[in-house]
Amino acid sequence: MTHRGENTPEVRAVIVVGARPNFMKAAPVIHAMAARGGFSPRLVHTGQHYDEKMSEVFFRELEMPAPDVNLGVGSGSHGAQTAQIMMRFEPVVAESRPDIVLVVGDVNSTVACSLVAVKLGVRVGHVEAGLRSGDRSMPEELNRIVTDAVSDLLFTTEAGANANLLREGRPAGAIHLVGNTMIDTLLRCRARAERSPVLERLGLGAEPRPYAVLTLHRPSTVDEPQVLEAVLDALHEVARALPVVFPIHPRTARQLAAAGLGRHLVALAEGQAAGPAGLYAVPPMGYLDFLKLMSRARLVLTDSGGIQEETTILGVPCLTLRDNTERPATIEHGTNVLVGRDPARIIEESRRALARPPGAPPGPPLWDGQAAERIVDVLARVL
Ligand code: UD1
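Residues numbered from 1 in each chain as written. Predicted model: local features only at pLDDT ≥ 70, side-chain atom pairs only at ≥ 80, totals over all residues. Heavy atoms only, no water.

Asker: An account of the packing of aromatic side chains is requested, with residue identities and associated values reported.
Answerer: In total, this model carries two aromatic pairs according to the counting rule given. Pairwise contacts between aromatic rings join Phe23, Phe58 and Phe59 into one cluster. (Phe/Tyr/Trp six-rings, centres within 6.5 Å; stacked < 30°, edge-to-face > 60°.)

Okay, here's the thing in C-alpha coordinates:
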(Lines give C-alpha, C1' and ligand atoms only; values in the text may rest on other atoms or scores of the structure.)
Protein backbone atom coordinates (compact mmCIF):
# COMPACT_ATOMS: atom_id res chain seq x y z
CA MET A 1 0.00 0.00 0.00
CA THR A 2 1.51 3.37 -0.97
CA HIS A 3 0.48 6.64 0.57
CA ARG A 4 0.96 9.90 -1.25
CA GLY A 5 3.37 12.17 0.57
CA GLU A 6 3.10 15.92 1.00
CA ASN A 7 4.94 16.61 -2.22
CA THR A 8 2.98 14.13 -4.31
CA PRO A 9 0.22 15.81 -6.27
CA GLU A 10 -3.28 14.70 -5.40
CA VAL A 11 -5.03 12.25 -7.70
CA ARG A 12 -7.73 14.18 -9.51
CA ALA A 13 -10.68 11.84 -9.88
CA VAL A 14 -14.04 12.52 -11.50
CA ILE A 15 -16.72 10.19 -10.14
CA VAL A 16 -19.87 9.82 -12.22
CA VAL A 17 -23.36 9.01 -10.92
CA GLY A 18 -26.64 9.18 -12.82
CA ALA A 19 -29.35 6.76 -11.77
CA ARG A 20 -30.64 5.41 -8.46
CA PRO A 21 -28.45 2.30 -8.09
CA ASN A 22 -25.29 4.32 -8.86
CA PHE A 23 -25.49 6.28 -5.62
CA MET A 24 -25.02 3.26 -3.35
CA LYS A 25 -22.08 2.07 -5.46
CA ALA A 26 -20.26 5.41 -5.61
CA ALA A 27 -20.80 6.68 -2.04
CA PRO A 28 -18.26 4.34 -0.37
CA VAL A 29 -15.57 5.25 -2.92
CA ILE A 30 -16.07 8.94 -2.15
CA HIS A 31 -15.92 8.23 1.59
CA ALA A 32 -12.81 6.06 1.19
CA MET A 33 -11.01 8.77 -0.82
CA ALA A 34 -11.80 11.34 1.86
CA ALA A 35 -10.61 9.03 4.65
CA ARG A 36 -7.34 8.15 2.93
CA GLY A 37 -6.38 11.62 1.64
CA GLY A 38 -4.29 12.26 -1.46
CA PHE A 39 -7.37 12.42 -3.67
CA SER A 40 -9.20 15.38 -5.03
CA PRO A 41 -12.57 13.89 -6.04
CA ARG A 42 -15.12 15.72 -8.15
CA LEU A 43 -18.63 14.33 -8.25
CA VAL A 44 -20.59 14.63 -11.48
CA HIS A 45 -24.32 13.80 -11.51
CA THR A 46 -25.62 13.36 -15.04
CA GLY A 47 -29.22 14.00 -13.96
CA GLN A 48 -30.45 10.74 -15.57
CA HIS A 49 -32.59 10.38 -12.43
CA TYR A 50 -33.83 13.64 -10.97
CA ASP A 51 -36.93 13.11 -8.77
CA GLU A 52 -36.33 13.72 -5.06
CA LYS A 53 -37.25 10.06 -4.36
CA MET A 54 -34.99 8.73 -7.14
CA SER A 55 -31.98 10.92 -6.35
CA GLU A 56 -31.76 13.57 -3.58
CA VAL A 57 -32.91 11.29 -0.78
CA PHE A 58 -29.93 9.02 -1.48
CA PHE A 59 -27.43 11.87 -1.27
CA ARG A 60 -28.78 12.78 2.18
CA GLU A 61 -29.07 9.24 3.54
CA LEU A 62 -25.72 8.04 2.16
CA GLU A 63 -24.03 11.23 3.42
CA MET A 64 -22.71 12.06 -0.02
CA PRO A 65 -21.44 15.54 -0.85
CA ALA A 66 -23.64 17.55 -3.24
CA PRO A 67 -22.53 17.02 -6.85
CA ASP A 68 -19.90 19.49 -8.06
CA VAL A 69 -21.58 19.42 -11.46
CA ASN A 70 -25.11 18.39 -12.45
CA LEU A 71 -25.49 17.84 -16.18
CA GLY A 72 -29.30 17.87 -15.89
CA VAL A 73 -29.95 15.52 -18.81
CA GLY A 74 -33.28 14.09 -17.60
CA SER A 75 -35.24 11.34 -19.37
CA GLY A 76 -35.26 10.43 -23.06
CA SER A 77 -34.86 7.57 -25.49
CA HIS A 78 -31.64 5.60 -25.11
CA GLY A 79 -29.99 7.35 -28.05
CA ALA A 80 -31.07 10.82 -26.98
CA GLN A 81 -30.22 10.33 -23.31
CA THR A 82 -26.81 8.79 -24.01
CA ALA A 83 -25.98 11.49 -26.56
CA GLN A 84 -27.04 14.30 -24.20
CA ILE A 85 -24.87 12.90 -21.42
CA MET A 86 -21.89 12.65 -23.78
CA MET A 87 -22.32 16.18 -25.10
CA ARG A 88 -22.63 17.68 -21.63
CA PHE A 89 -19.88 15.58 -20.01
CA GLU A 90 -17.25 16.24 -22.69
CA PRO A 91 -16.50 19.87 -21.73
CA VAL A 92 -16.31 18.88 -18.04
CA VAL A 93 -13.54 16.37 -18.79
CA ALA A 94 -11.83 18.55 -21.40
CA GLU A 95 -11.60 21.48 -18.98
CA SER A 96 -10.63 19.60 -15.81
CA ARG A 97 -8.34 16.92 -17.37
CA PRO A 98 -8.65 14.53 -14.41
CA ASP A 99 -6.24 11.64 -13.80
CA ILE A 100 -9.16 9.22 -13.85
CA VAL A 101 -12.87 9.08 -14.53
CA LEU A 102 -14.62 6.49 -12.37
CA VAL A 103 -17.94 5.10 -13.56
CA VAL A 104 -20.14 2.62 -11.68
CA GLY A 105 -22.74 0.02 -12.63
CA ASP A 106 -24.40 -0.38 -16.02
CA VAL A 107 -26.74 2.51 -16.73
CA ASN A 108 -26.68 4.88 -19.71
CA SER A 109 -24.62 7.39 -17.71
CA THR A 110 -21.96 4.71 -17.19
CA VAL A 111 -21.39 3.96 -20.86
CA ALA A 112 -21.77 7.58 -22.02
CA CYS A 113 -19.17 8.97 -19.62
CA SER A 114 -16.68 6.15 -20.12
CA LEU A 115 -16.71 6.74 -23.90
CA VAL A 116 -16.24 10.48 -23.52
CA ALA A 117 -13.31 10.09 -21.14
CA VAL A 118 -11.41 7.46 -23.11
CA LYS A 119 -11.74 9.48 -26.32
CA LEU A 120 -10.19 12.46 -24.55
CA GLY A 121 -7.28 10.26 -23.48
CA VAL A 122 -8.34 10.14 -19.83
CA ARG A 123 -8.14 6.84 -17.99
CA VAL A 124 -11.41 5.15 -17.02
CA GLY A 125 -12.09 2.91 -14.02
CA HIS A 126 -15.26 0.81 -14.02
CA VAL A 127 -16.66 -0.22 -10.66
CA GLU A 128 -18.76 -3.42 -11.04
CA ALA A 129 -17.02 -4.53 -14.23
CA GLY A 130 -17.36 -7.87 -15.97
CA LEU A 131 -20.95 -8.83 -15.07
CA ARG A 132 -22.68 -10.50 -18.02
CA SER A 133 -26.24 -11.81 -18.32
CA GLY A 134 -25.57 -13.09 -21.84
CA ASP A 135 -28.78 -11.31 -22.88
CA ARG A 136 -28.10 -8.54 -25.37
CA SER A 137 -31.74 -7.45 -25.39
CA MET A 138 -31.05 -5.87 -21.96
CA PRO A 139 -29.85 -2.29 -22.40
CA GLU A 140 -27.61 -2.75 -19.36
CA GLU A 141 -25.79 -5.69 -21.00
CA LEU A 142 -24.77 -3.49 -23.94
CA ASN A 143 -23.71 -0.76 -21.52
CA ARG A 144 -21.55 -3.25 -19.60
CA ILE A 145 -19.86 -4.68 -22.70
CA VAL A 146 -18.98 -1.27 -24.14
CA THR A 147 -17.87 0.21 -20.81
CA ASP A 148 -15.59 -2.74 -20.07
CA ALA A 149 -14.13 -2.65 -23.58
CA VAL A 150 -12.89 0.94 -23.10
CA SER A 151 -12.01 0.95 -19.38
CA ASP A 152 -8.39 0.85 -18.18
CA LEU A 153 -9.14 -0.36 -14.66
CA LEU A 154 -11.78 -3.03 -14.14
CA PHE A 155 -12.99 -3.44 -10.55
CA THR A 156 -15.00 -6.65 -10.17
CA THR A 157 -17.43 -7.90 -7.52
CA GLU A 158 -17.24 -11.65 -8.14
CA ALA A 159 -14.82 -14.17 -9.63
CA GLY A 160 -17.05 -14.96 -12.62
CA ALA A 161 -16.70 -11.35 -13.76
CA ASN A 162 -12.92 -11.79 -14.01
CA ALA A 163 -13.44 -14.84 -16.19
CA ASN A 164 -15.87 -12.92 -18.45
CA LEU A 165 -13.39 -10.08 -18.92
CA LEU A 166 -10.50 -12.43 -19.69
CA ARG A 167 -12.68 -14.25 -22.22
CA GLU A 168 -13.34 -10.90 -23.92
CA GLY A 169 -9.60 -10.29 -24.18
CA ARG A 170 -9.20 -7.71 -21.42
CA PRO A 171 -5.71 -7.83 -19.90
CA ALA A 172 -5.37 -9.66 -16.58
CA GLY A 173 -3.34 -6.77 -15.14
CA ALA A 174 -6.30 -4.39 -15.57
CA ILE A 175 -8.71 -6.57 -13.59
CA HIS A 176 -9.00 -6.21 -9.81
CA LEU A 177 -11.38 -8.38 -7.79
CA VAL A 178 -12.25 -5.99 -4.97
CA GLY A 179 -15.71 -7.00 -3.72
CA ASN A 180 -18.95 -5.08 -3.83
CA THR A 181 -19.26 -1.39 -3.01
CA MET A 182 -23.08 -1.66 -2.89
CA ILE A 183 -22.59 -4.08 0.00
CA ASP A 184 -20.13 -1.63 1.62
CA THR A 185 -23.04 0.82 1.72
CA LEU A 186 -25.45 -1.78 3.05
CA LEU A 187 -23.15 -2.75 5.91
CA ARG A 188 -22.33 0.88 6.71
CA CYS A 189 -26.03 1.86 6.82
CA ARG A 190 -27.53 -1.19 8.48
CA ALA A 191 -27.64 0.15 12.02
CA ARG A 192 -29.18 3.43 10.88
CA ALA A 193 -31.72 1.57 8.74
CA GLU A 194 -32.77 -0.41 11.82
CA ARG A 195 -34.11 2.85 13.28
CA SER A 196 -36.36 3.50 10.26
CA PRO A 197 -40.05 3.53 11.26
CA VAL A 198 -41.13 2.13 7.88
CA LEU A 199 -42.67 -1.07 9.27
CA GLU A 200 -44.78 0.82 11.78
CA ARG A 201 -45.85 3.19 9.00
CA LEU A 202 -47.04 0.26 6.90
CA GLY A 203 -48.73 -1.45 9.84
CA LEU A 204 -46.21 -4.31 9.74
CA GLY A 205 -44.14 -3.45 12.80
CA ALA A 206 -46.07 -3.40 16.05
CA GLU A 207 -46.88 -7.09 15.91
CA PRO A 208 -44.30 -8.46 13.48
CA ARG A 209 -45.91 -10.64 10.83
CA PRO A 210 -44.60 -12.13 7.62
CA TYR A 211 -44.74 -9.98 4.51
CA ALA A 212 -43.11 -9.97 1.09
CA VAL A 213 -41.52 -7.13 -0.89
CA LEU A 214 -41.88 -6.72 -4.65
CA THR A 215 -40.00 -4.48 -7.10
CA LEU A 216 -40.45 -4.37 -10.88
CA HIS A 217 -38.91 -1.85 -13.24
CA ARG A 218 -37.15 -3.64 -16.06
CA PRO A 219 -38.49 -2.89 -19.56
CA SER A 220 -38.71 -6.66 -20.23
CA THR A 221 -41.14 -7.01 -17.30
CA VAL A 222 -43.11 -3.78 -17.33
CA ASP A 223 -43.14 -2.43 -20.90
CA GLU A 224 -45.21 -5.29 -22.41
CA PRO A 225 -48.78 -5.03 -21.02
CA GLN A 226 -49.47 -8.79 -21.46
CA VAL A 227 -46.28 -9.76 -19.61
CA LEU A 228 -46.94 -7.24 -16.84
CA GLU A 229 -50.54 -8.44 -16.45
CA ALA A 230 -49.54 -12.12 -16.26
CA VAL A 231 -46.84 -11.35 -13.68
CA LEU A 232 -49.25 -9.26 -11.61
CA ASP A 233 -51.88 -12.02 -11.76
CA ALA A 234 -49.31 -14.42 -10.30
CA LEU A 235 -48.28 -11.93 -7.63
CA HIS A 236 -51.90 -11.36 -6.76
CA GLU A 237 -52.10 -15.08 -6.06
CA VAL A 238 -48.92 -14.96 -3.91
CA ALA A 239 -50.45 -12.00 -2.04
CA ARG A 240 -53.35 -14.18 -0.85
CA ALA A 241 -50.97 -15.74 1.67
CA LEU A 242 -49.31 -12.60 3.02
CA PRO A 243 -49.15 -8.84 2.39
CA VAL A 244 -46.85 -7.92 -0.51
CA VAL A 245 -45.42 -4.39 -0.36
CA PHE A 246 -44.69 -2.96 -3.82
CA PRO A 247 -42.76 0.35 -3.96
CA ILE A 248 -43.43 1.52 -7.49
CA HIS A 249 -40.69 2.83 -9.81
CA PRO A 250 -41.84 5.75 -12.03
CA ARG A 251 -41.45 3.69 -15.22
CA THR A 252 -43.69 0.98 -13.75
CA ALA A 253 -46.26 3.49 -12.51
CA ARG A 254 -46.51 4.89 -16.02
CA GLN A 255 -46.92 1.45 -17.59
CA LEU A 256 -49.51 0.34 -15.02
CA ALA A 257 -51.59 3.43 -15.71
CA ALA A 258 -51.25 3.10 -19.50
CA ALA A 259 -52.30 -0.58 -19.43
CA GLY A 260 -55.14 0.01 -16.94
CA LEU A 261 -53.69 -2.55 -14.52
CA GLY A 262 -54.25 -0.55 -11.33
CA ARG A 263 -57.03 -2.96 -10.31
CA HIS A 264 -54.40 -5.52 -9.30
CA LEU A 265 -53.13 -3.21 -6.57
CA VAL A 266 -54.33 -1.64 -3.35
CA ALA A 267 -52.86 1.87 -3.11
CA LEU A 268 -51.68 2.35 0.46
CA ALA A 269 -52.05 5.99 1.50
CA GLU A 270 -49.61 7.57 3.98
CA GLY A 271 -50.40 6.30 7.48
CA GLN A 272 -52.67 3.49 6.22
CA ALA A 273 -51.84 -0.04 7.40
CA ALA A 274 -51.50 -3.09 5.17
CA GLY A 275 -54.04 -5.84 5.81
CA PRO A 276 -53.30 -9.55 6.36
CA ALA A 277 -53.05 -10.17 2.60
CA GLY A 278 -52.97 -8.19 -0.66
CA LEU A 279 -50.68 -6.42 -3.10
CA TYR A 280 -49.98 -2.95 -1.68
CA ALA A 281 -48.65 -0.18 -3.92
CA VAL A 282 -46.53 2.47 -2.20
CA PRO A 283 -44.35 5.29 -3.62
CA PRO A 284 -40.60 4.69 -4.21
CA MET A 285 -38.72 4.58 -0.91
CA GLY A 286 -35.48 6.10 0.30
CA TYR A 287 -32.49 3.87 0.95
CA LEU A 288 -32.83 3.42 4.72
CA ASP A 289 -36.56 2.65 4.65
CA PHE A 290 -36.11 0.16 1.83
CA LEU A 291 -33.17 -1.54 3.52
CA LYS A 292 -35.19 -1.98 6.71
CA LEU A 293 -38.20 -3.22 4.72
CA MET A 294 -36.08 -5.79 2.87
CA SER A 295 -34.15 -6.92 5.91
CA ARG A 296 -37.30 -8.09 7.74
CA ALA A 297 -39.14 -9.51 4.73
CA ARG A 298 -40.02 -13.20 4.57
CA LEU A 299 -39.55 -13.09 0.79
CA VAL A 300 -38.40 -10.61 -1.86
CA LEU A 301 -39.56 -10.82 -5.49
CA THR A 302 -37.71 -8.60 -7.95
CA ASP A 303 -36.36 -8.01 -11.43
CA SER A 304 -33.60 -5.71 -10.11
CA GLY A 305 -29.90 -6.54 -10.20
CA GLY A 306 -28.79 -4.88 -6.97
CA ILE A 307 -31.59 -6.37 -4.86
CA GLN A 308 -30.36 -9.87 -5.72
CA GLU A 309 -27.08 -8.86 -4.07
CA GLU A 310 -28.58 -7.08 -1.08
CA THR A 311 -30.87 -10.01 -0.19
CA THR A 312 -27.87 -12.32 -0.47
CA ILE A 313 -26.13 -10.46 2.36
CA LEU A 314 -29.34 -9.96 4.36
CA GLY A 315 -30.07 -13.70 4.14
CA VAL A 316 -33.59 -13.01 2.82
CA PRO A 317 -34.97 -15.43 0.19
CA CYS A 318 -35.05 -13.72 -3.21
CA LEU A 319 -36.99 -14.82 -6.28
CA THR A 320 -35.73 -13.07 -9.41
CA LEU A 321 -38.42 -12.66 -12.07
CA ARG A 322 -35.97 -12.96 -14.96
CA ASP A 323 -34.61 -15.77 -17.13
CA ASN A 324 -30.96 -14.90 -16.47
CA THR A 325 -28.76 -13.05 -14.05
CA GLU A 326 -25.45 -11.25 -14.49
CA ARG A 327 -24.84 -11.92 -10.78
CA PRO A 328 -24.41 -15.70 -10.48
CA ALA A 329 -22.66 -15.34 -7.12
CA THR A 330 -26.06 -14.53 -5.60
CA ILE A 331 -27.26 -18.00 -6.60
CA GLU A 332 -24.04 -19.81 -5.74
CA HIS A 333 -23.37 -18.09 -2.39
CA GLY A 334 -26.71 -16.49 -1.60
CA THR A 335 -30.47 -16.82 -1.44
CA ASN A 336 -31.34 -16.01 -5.04
CA VAL A 337 -33.47 -18.27 -7.28
CA LEU A 338 -34.21 -17.43 -10.93
CA VAL A 339 -37.91 -18.01 -11.57
CA GLY A 340 -38.55 -16.21 -14.88
CA ARG A 341 -41.90 -14.61 -15.64
CA ASP A 342 -44.11 -17.67 -16.04
CA PRO A 343 -47.05 -17.16 -13.63
CA ALA A 344 -47.33 -20.83 -12.56
CA ARG A 345 -43.61 -20.95 -11.73
CA ILE A 346 -43.75 -17.68 -9.76
CA ILE A 347 -46.61 -19.03 -7.65
CA GLU A 348 -44.99 -22.44 -7.16
CA GLU A 349 -41.55 -21.04 -6.24
CA SER A 350 -43.09 -18.51 -3.86
CA ARG A 351 -44.93 -21.32 -2.05
CA ARG A 352 -41.73 -23.32 -1.89
CA ALA A 353 -39.69 -20.36 -0.56
CA LEU A 354 -42.31 -19.57 2.09
CA ALA A 355 -42.34 -23.20 3.23
CA ARG A 356 -38.53 -23.34 3.61
CA PRO A 357 -37.07 -22.09 6.89
CA PRO A 358 -35.03 -18.96 6.07
CA GLY A 359 -31.27 -19.39 6.38
CA ALA A 360 -28.33 -17.08 5.79
CA PRO A 361 -25.68 -18.50 3.45
CA PRO A 362 -22.17 -17.11 3.90
CA GLY A 363 -22.24 -14.61 0.99
CA PRO A 364 -19.65 -14.23 -1.77
CA PRO A 365 -15.96 -13.72 -0.94
CA LEU A 366 -14.90 -10.09 -0.31
CA TRP A 367 -18.44 -8.78 0.19
CA ASP A 368 -17.22 -7.54 3.54
CA GLY A 369 -17.62 -3.77 3.55
CA GLN A 370 -14.04 -3.07 2.40
CA ALA A 371 -14.42 -2.99 -1.40
CA ALA A 372 -14.09 0.79 -1.72
CA GLU A 373 -10.87 0.76 0.33
CA ARG A 374 -9.47 -1.84 -2.06
CA ILE A 375 -10.41 0.31 -5.04
CA VAL A 376 -8.75 3.35 -3.54
CA ASP A 377 -5.64 1.27 -2.75
CA VAL A 378 -5.40 0.26 -6.41
CA LEU A 379 -5.92 3.84 -7.58
CA ALA A 380 -3.23 5.14 -5.23
CA ARG A 381 -0.85 2.46 -6.50
CA VAL A 382 -1.35 2.85 -10.23
CA LEU A 383 -2.07 6.56 -10.72
C1 UD1 B 1 -32.46 3.05 -15.25
C2 UD1 B 1 -31.35 2.13 -15.77
C3 UD1 B 1 -31.50 0.75 -15.17
C4 UD1 B 1 -31.58 0.82 -13.66
C5 UD1 B 1 -32.70 1.77 -13.27
C6 UD1 B 1 -32.82 1.91 -11.78
C7 UD1 B 1 -30.52 2.53 -18.04
C8 UD1 B 1 -30.53 2.02 -19.41
N9 UD1 B 1 -31.41 1.97 -17.20
O10 UD1 B 1 -33.69 2.53 -15.73
O11 UD1 B 1 -30.40 -0.04 -15.53
O12 UD1 B 1 -31.83 -0.47 -13.15
O13 UD1 B 1 -32.43 3.06 -13.85
O14 UD1 B 1 -33.89 2.71 -11.43
O15 UD1 B 1 -29.72 3.38 -17.71
N16 UD1 B 1 -38.35 8.75 -14.33
C17 UD1 B 1 -38.94 9.61 -13.44
N18 UD1 B 1 -38.13 10.20 -12.51
C19 UD1 B 1 -36.80 9.99 -12.43
C20 UD1 B 1 -36.22 9.12 -13.37
C21 UD1 B 1 -37.01 8.50 -14.29
O22 UD1 B 1 -40.14 9.83 -13.46
O23 UD1 B 1 -36.14 10.58 -11.56
C24 UD1 B 1 -39.22 8.07 -15.32
C25 UD1 B 1 -39.25 8.76 -16.65
O26 UD1 B 1 -40.54 8.65 -17.13
C27 UD1 B 1 -38.32 7.94 -17.49
C28 UD1 B 1 -38.50 6.56 -16.92
O29 UD1 B 1 -38.74 6.76 -15.53
O30 UD1 B 1 -38.62 8.03 -18.84
C31 UD1 B 1 -37.31 5.68 -17.11
O32 UD1 B 1 -36.12 6.29 -16.60
P33 UD1 B 1 -34.68 5.88 -17.22
O34 UD1 B 1 -33.59 6.52 -16.45
O35 UD1 B 1 -34.71 6.12 -18.70
O36 UD1 B 1 -34.65 4.33 -17.03
P37 UD1 B 1 -34.99 3.43 -15.77
O38 UD1 B 1 -36.11 2.54 -16.14
O39 UD1 B 1 -35.12 4.24 -14.52
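Asker: Can you tell me about the site of the ligand, naming the residues and giving the values?
Answerer: Gln48, Glu140, His217, Arg251 and Arg254 are the nearest of the 18 residues found near the ligand. His49 places a polar side-chain atom, nitrogen or oxygen, 2.8 Å from an oxygen atom of the ligand. Contacts to the ligand include Asn108, whose backbone N or O atom sits 2.8 Å from an oxygen atom. Out of a free accessible area of 740 Å², the ligand has 89% covered by protein chains. (Near = heavy atom within 4 Å. Polar contact = N/O pair within 3.5 Å; in protein donor to acceptor, adjacent residues only side chain to side chain. Areas by Shrake-Rupley, 256 points an atom, 1.4 Å probe, with all protein chains shown as cover.)

Asker: Help me get a handle on the sheet that holds strand β8 (residues 212–215), residues and values and all.
Answerer: On the basis of which strands lie adjacent, the open sheet formed by seven strands has the order β10-β11-β9-β8-β12-β13-β14 and parallel pairing. The sheet terminates laterally at β10 (266–267) and β14 (336–338), the two strands that pair on one side only. Bridge count between strand β9 (residues 243–247) and strand β11 (residues 278–282): five bridges; the pairing is parallel. Note on β11: the bridge partner recorded for Val244 is Leu279. Its contacts with the sheet put helix α15 (residues 343–355) on β12 (299–302), β13 (318–320) and β14, and the angle it makes with β12 is roughly 155°. (Pairing = 2+ DSSP bridges. Helix = DSSP H or I, 4+ residues; strand = E, 2+ residues; numbered from the N terminus. Contact = heavy atoms within 4.5 Å. Axes fitted to C-alpha atoms, helices over the stretch in contact; angles between N-to-C directions.)

Asker: Please provide a residue-by-residue account of the layout of surface pockets, values included.
Answerer: If you add up the space inside the largest pocket, you get close to 1200 Å³. Around the largest pocket sit 49 residues that line it, and Pro21, His49, Met54, His217 and His249 are the ones nearest its centre. Tallied by class, residues from the lining of the largest pocket come to 21 nonpolar, 16 polar and 12 charged. Built from parts of two domains, the lining of the largest pocket gets at least three residues from each of domain 1 (2–180 + 367–382) and domain 2 (195–355). By volume, the second largest pocket is sized at about 320 Å³. Lining the second largest pocket we find 18 residues, and of these Lys53, Arg201, Glu270, Pro283 and Met285 sit closest to its centre. It is helix α2 (residues 52–61) that contributes the most residues to the lining of the second largest pocket, five residues altogether. Residue composition of the lining of the second largest pocket, grouped by class: eight nonpolar, three polar and seven charged. When residues of the lining of the second largest pocket are assigned to domains, at least three map to each of domain 1 (2–180 + 367–382) and domain 2 (195–355). (1 Å grid on protein atoms, 1.4 Å probe; cavity = no way out; pocket = protein on both sides within 12 Å on 5 of 7 lines; lining within 4 Å. Points joined across faces, edges and corners; volume = space filled by probe spheres on them. Nonpolar A, V, L, I, M, F, W, Y, C, P; charged D, E, K, R; others polar. Domains from an automatic or database assignment.)

Asker: Requested: an account of the pattern of salt bridges, with residues and values cited.
Answerer: Within this structure, the stated rule accounts for 27 salt bridges. Across the pair Asp323 and Arg341 runs a salt bridge whose closest N-O atoms are separated by 3.6 Å. Of this pair, Asp323 sits in the loop between β13 and α14 (329–332) while Arg341 sits in the loop between β14 and α15; the two residues are 18 residues apart in sequence, bridging distant segments of the chain. Through salt bridges with shared partners, a single network forms among Lys25, Asp106, Glu128, Glu141, Arg144, Glu309, Arg322, Glu326 and Arg327. (Salt bridge = Lys/Arg side-chain N within 4 Å of Asp/Glu carboxyl O.)

Asker: Let's hear about the pairing of β11: which residues, and what values?
Answerer: For β11, the tally of buried residues reaches five of five residues, placing the bulk of the element in the interior. Here β11 shows two buried faces, one formed by Gly278, Tyr280 and Val282 and the other by Leu279 and Ala281. As defined by bridge partners, β10 adjoins β11 across two bridges and the pair is classed as parallel. Across the sheet, residue Val266 finds its bridge partner in β11, namely Tyr280. (Buried < 20%, exposed > 50% of the residue type's maximum accessible area, 1.4 Å probe, protein only.)

Asker: Any details on helix α16 (residues 371–382)? Residues and values, ideally.
Answerer: Here α16 is 12 residues long and its end C-alpha atoms lie 17 Å apart, about the 16 Å a rise of 1.5 Å per residue gives. Among the residues of α16, those classed as buried are Ala371, Ala372, Ile375, Val376, Val378, Leu379 and Ala380. (Expected span 1.5 Å × (residues − 1).)

Asker: Just give me the short version of the domain arrangement of the chain, but keep the residues and values in it.
Answerer: You can read the domains of the chain as domain 1 (2–180 + 367–382) and domain 2 (195–355). Computed over C-alpha atoms, the centres of domain 1 and domain 2 are 28 Å apart. Interface area, domain 1 with domain 2, both sides summed: about 1800 Å², of which 58% is carbon and sulfur. The largest contributions to the domain 1 side of the interface with domain 2 come from Glu61, Glu158 and Trp367, which together make up 29% of the buried area. Joining domain 1 to domain 2, the criterion identifies three salt bridges. For Arg218, the salt bridge goes to Glu140, with nearest N and O atoms at 3.1 Å. On inspection of domain 1 and its partner domain 2, the count reaches eight residue pairs in polar contact (both at pLDDT 80 or more). Only α1 (20–36), α2 and α5 (139–150) provide two or more residues apiece to the side of domain 1 that touches domain 2. The leading source of residues in the side of domain 1 that touches domain 2 is α2, at five residues. (Buried area = accessible area lost by both parts, 1.4 Å probe.)

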